[in-house]
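Descriptive structure summary
Spelled out, the chains give:
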Amino acid sequence: MCNLRSFFTPLLAVLLLQSLVVVVSAQGSATTWQTLTGNRPLVIARGGFSGLFPDSSSVAFQFAMLTSLPDVVLWCDVQLTKDGVGICASDLRLDNSTSIAQDMKNKDKLYLVNGIPTRGWFTVDFTLNELSLVSLTQGIYSRSERFDYSYPIQTVEDVANLKPPGLWLNIQHDAFFTQHNLSMRSYVLSLYRRVVINHLSSPEAGFLRSIVKRFNLNITKLVFRFLEPNVIEPSTNETYGSLSKNFTFIKTFASGILIPKSYIWPLDASNYLQPHTSIVSDAHKAGLEVFVSEFYNDVPLSYNYSYDPVTEYLRFVDNGEFSVDGVLSDFPVTPSATIDCFSGLGKNATPQVNLSVISKNGASGDYPGCTDLAYQKAILDGADVIDCPVQISKDGIPFCLGSINLYDSTTVAQSSYSNREQNIPQIKAGRAIFTFSLTWSEIQNLTPVITNPYSKYELLRNPKFRISGKFLTLSDFLALAKNTSSLSGVLISIENAAYLIQEEGLPVTDKVLDVLSKAGYDDPTSKKVMIESTNSSVLMKFRDKNNYELVYQIEEDIQDAEDAALKDIKDFANSVVISKISVFPESSLFLTGVTNVVPKLQSHGLSVYVETFSNEFVSQAWDFFSDSTVEINSYVMGANISGVVTGFPLTSARYKRNRCLGYNVLPPYMSPAQPGELLQLILPFALPPAEPPNPVLAPSDVVEGPLPSHTASPPVPGGGATAVPPGAPNGLPKIGACIFLSNLAMLITILLLL
């Protein structure tokens, strides 16, 4: 251990110096804030970085300081032990956040808590010495359990000894402790003589009134915490909803209020935002700061936010009318980036990074894919390139739709065309209704349906517009793009061309070439045209179009590529689309490393685009903290990719413009994830199992023969369902599918020095 310390000590000094540079950068970025004081809002880390690590663990507190704004405030829910020691724990009962139920069996009790019979393992029944045998666990079961049983319970003094920029103590159950002959008031006043307490909150007005004259309010701000509006505050016997109308009374014992976010932006029964209330401006007029709770990246947000937590935070700190004075978050990295990097950022802000934002079926995260609404939203959100996955109708009309199977994105199953189902395994396993089985006029009669790829997690996309919009022909799509000055180009994706030509008599590539020509896209001064396919034979068809960018899509996750395969790709493509896993492989949603696929492709002169980026937190590895911006940043700054393919263009387009990318030193909340570093914080027994390696791309996976001639083989009666043997489009076998380096190095250093 001594050798390790001697190695890390100079590194720690360098990293701390780097952090000081970041502090200056962050402070220099502030603009005019509509907070009570005019200062930027505070980031308050609830239990530290509790969105990833066990709440109130040493690693959670330290990680919060390493990844957040330099003035981050650490939040501790104070509970008292049997011998009167204050510990940080999210609840009176320890069974949901520690191993106590296993370590101290049959020692649970039944008590009245606010008049409600409650059973559990209560802090008041155990001394600190007894609790030293207990370890912390993740209390929210949807979060990773792999950091459980690694960290002991922390006392308030333990947290204070970390020298945080700010310390916030929350006293939730003064009345309960009094019933058990413990005085929270005496404890807090005693602690105040030894520890700097920056904020002290409680939902009990009587408790705050009893201590207000004992504190220097220039050092410690007392904050009245509001619970849900219909809950009764015990000392006044009024509901919190009623007290929210009486700020004159609250001002007599508090300098601020802490309220759930629904007090400001209420939701309707469908989980959409209603107009904001006047509570922030009313509180500010009364001289009260307003802090807001209940910010979580991994809990479904209002549909208005499109599963993007940055968008939610901006609604509270940068909406043009008011700004709250602080936010209480389980993921402090996200509000830190929001406040420093994205607040006050207009749509015309200068891009800070060269990155192409390519839509995936338009803004398909917000509207049914490939509809007019999805494309209009993608343009409005700042996409550089909008895409059209070309399908073709029975009467030869090319149009945009994300799947050749109409079951995937329309209501065809409920239509009169349901009898046109077929089984064509070389296109798609199982039975389907294919686009080439209906005429364009029949397809226009179908209703689009939004895709919900994470519905098994009950994460639905914009249900209010679930069946909205209309489909566009390729011609209409190209006209829309051509008349939109903000777009740099279009991407046309073509699949199943060989089958359509040979078995259905539908020359899809010729149709696309014809429509592009008639729309004026052969003109070199027109917008960029990108032709994408998993088939080299399709791209070869467009090779004589010198002003087109040919994009080869590698569908499968790969760990490497042979040089010969890359040389073959370069013969027919200018760029490549690969999966996220092909860049950062993972195991049980933990990044395990980084491949050399991107630099290898780039060394052969190929631009690299990566897909598919989604806002839903379940689509992201733990290393990205349930934050789509962190994920995008890690691929751009960490892997140097050229573009992202996403159904949520707003998130990526906003990322391109964020001011933090222009700093001389990247702040910790805008540094790329370092794959494998989180795994180093997991004890050996809890490590996820190793995944088998992905395949290596070989020349045989890439090279194909030319497309069949349209006149070479007449259509087979019955649709040709058995004409071509099943196989992957590009020949590969089908496979199922810096926290930042400097910050994690610092964290590991601190843990080693403890």
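Residues numbered from 1 in each chain as written. Predicted model: local features only at pLDDT ≥ 70, side-chain atom pairs only at ≥ 80, totals over all residues. Heavy atoms only, no water.

Looking up the chain in an unreviewed UniProt entry gives the name glycerophosphodiester phosphodiesterase, with the organism given as Populus deltoides. Comment text from UniProt for the chain, heading Sequence similarities (unreviewed entry), reads "Belongs to the glycerophosphoryl diester phosphodiesterase family." Recorded under Catalytic activity (unreviewed entry), the UniProt text for the chain is reproduced unchanged: "a sn-glycero-3-phosphodiester + H2O = an alcohol + sn-glycerol 3-phosphate + H(+)". (UniProt positions renumbered as here; feature names shortened; annotations may be inferred.)

1. A short note on the overall build of the chain
Counting its secondary structure elements, the chain contains 24 helices and 28 strands. In summary, the chain has a C-alpha radius of gyration of 29 Å against a globular reference of 27 Å for 754 residues, a match within 12%. When the backbone C-alpha atoms are referred to their principal axes, the chain occupies close to 90 × 60 × 55 Å. A total of 754 residues make up the chain; the buried ones form 58% of that total. Here the chain has roughly 29,500 Å² of accessible surface; of this, 52% comes from carbon and sulfur atoms. (Helix = DSSP H or I, 4+ residues; strand = E, 2+ residues; numbered from the N terminus. Rg over C-alpha atoms; globule rule 2.2 N^0.38 Å. Buried < 20%, exposed > 50% of the residue type's maximum accessible area, 1.4 Å probe, protein only. Areas by Shrake-Rupley, 256 points an atom, 1.4 Å probe, with all protein chains shown as cover.)

2. Overview of the environment of F247
Mapped onto the elements, F247 comes out in helix 10 (residues 247-250). Expressed as a C-alpha distance, the spacing of F247 and S343, which sit 96 residues apart in the sequence, is 29 Å. In this view, F247 contacts F226, I257, I279, D282, A283, A286 and L288; residues no more than four positions away in its chain are not counted. (Contact = heavy atoms within 4.5 Å.)

3. Some points on the packing of aromatic side chains
The final tally for this structure, using the stated rule, is 33 aromatic pairs. Here the aromatic rings of F49 and F63 are separated by 5.3 Å at their centres, their planes lie at 70°, and the arrangement is edge-to-face. Separated by 14 residues along the polypeptide, F49 in the loop between strand 1 (42-46) and helix 2 (58-67) and F63 in helix 2 bring together distant segments of the chain. Its relative accessible area of 0% is what places F63 among the buried residues. Measuring from centroid to centroid gives 5.9 Å for F176 and F177, while their planes differ by 75°, and the two rings are edge-to-face. F176 sits in the buried class, given a relative accessible area of 5%. Classification of F177 by relative accessible area gives buried; the value is 0%. Through successive ring pairs, a cluster of aromatic residues spans F49, F53, F63, F147, F331, F590, W622 and F625. Directly above the ring of F295 sits K261, whose terminal nitrogen or CZ lies 5.2 Å from the centroid. Directly above the aromatic system of Y521 lies the positively charged group of K482, at a separation of 5.8 Å from the ring centroid. (Phe/Tyr/Trp six-rings, centres within 6.5 Å; stacked < 30°, edge-to-face > 60°. Lys NZ or Arg CZ within 6 Å of the ring centre and 35° of its normal.)

4. Some remarks on the UniProt feature "domain: GP-PDE" (unreviewed entry) in the chain
UniProt's entry tags residues 41-339 and 355-656 with the feature "domain: GP-PDE" (unreviewed entry), counted in the numbering of this structure. Secondary structure across residues 41-339 comprises 25% helix and 20% strand; the distance between its end C-alpha atoms is 7 Å. The straight-line gap between the two end C-alpha atoms of residues 355-656 is 7 Å; of that span, 28% is helix and 20% is strand.

5. Things to note about the state of the cysteines
Summed over all chains, the structure comprises three disulfides. Covalently, C341 is tied to C660 through a disulfide, its sulfur atoms 2.0 Å apart. Of note, the bridge from C341 to C660 carries an S-S torsion of about -95° and is left-handed in sense. With C341 in helix 13 (residues 333-342) and C660 in the loop between helix 23 (649-657) and strand 28 (696-697), the pair connects residues that are 319 residues apart, well separated along the chain. Residue class for C341 comes out buried when judged on its relative accessible area of 0%. Two residues, C388 and C400, share a disulfide whose sulfurs are 2.0 Å apart. Handedness of the C388-C400 disulfide follows from its S-S torsion of about -105°: it is left-handed. Of this pair, C388 sits in strand 15 (residues 385-392) while C400 sits in strand 16 (residues 398-400); the two residues are twelve residues apart in sequence, bridging distant segments of the chain. Of the two residues, C388 and C400, neither departs from the other in class, the shared state being buried. With no disulfide of its own, C370 lies closest to C400 among cysteine sulfurs, the gap being 5.9 Å. (Disulfide = S-S within 2.5 Å.)

6. Here we look at the pairing of strand 12 (residues 289-295)
Strand 12 sits mainly inside the fold: six of its seven residues count as buried. When strand 11 (residues 256-260) meets strand 12, the two strands line up parallel, connected through five bridges. Bridge pairing links L258 to F291 in strand 12. Bridge count for strand 12 against strand 13 (residues 326-329) is three bridges, and the pairing is parallel. Residue pairing for strand 13: F295 is matched across the bridge by S329. For the segment spanning strand 12, helix 12 (residues 309-317) and strand 13, crossover handedness is right-handed. (Pairing = 2+ DSSP bridges. Right-handed = clockwise from strand over helix to strand, strands pointing away.)

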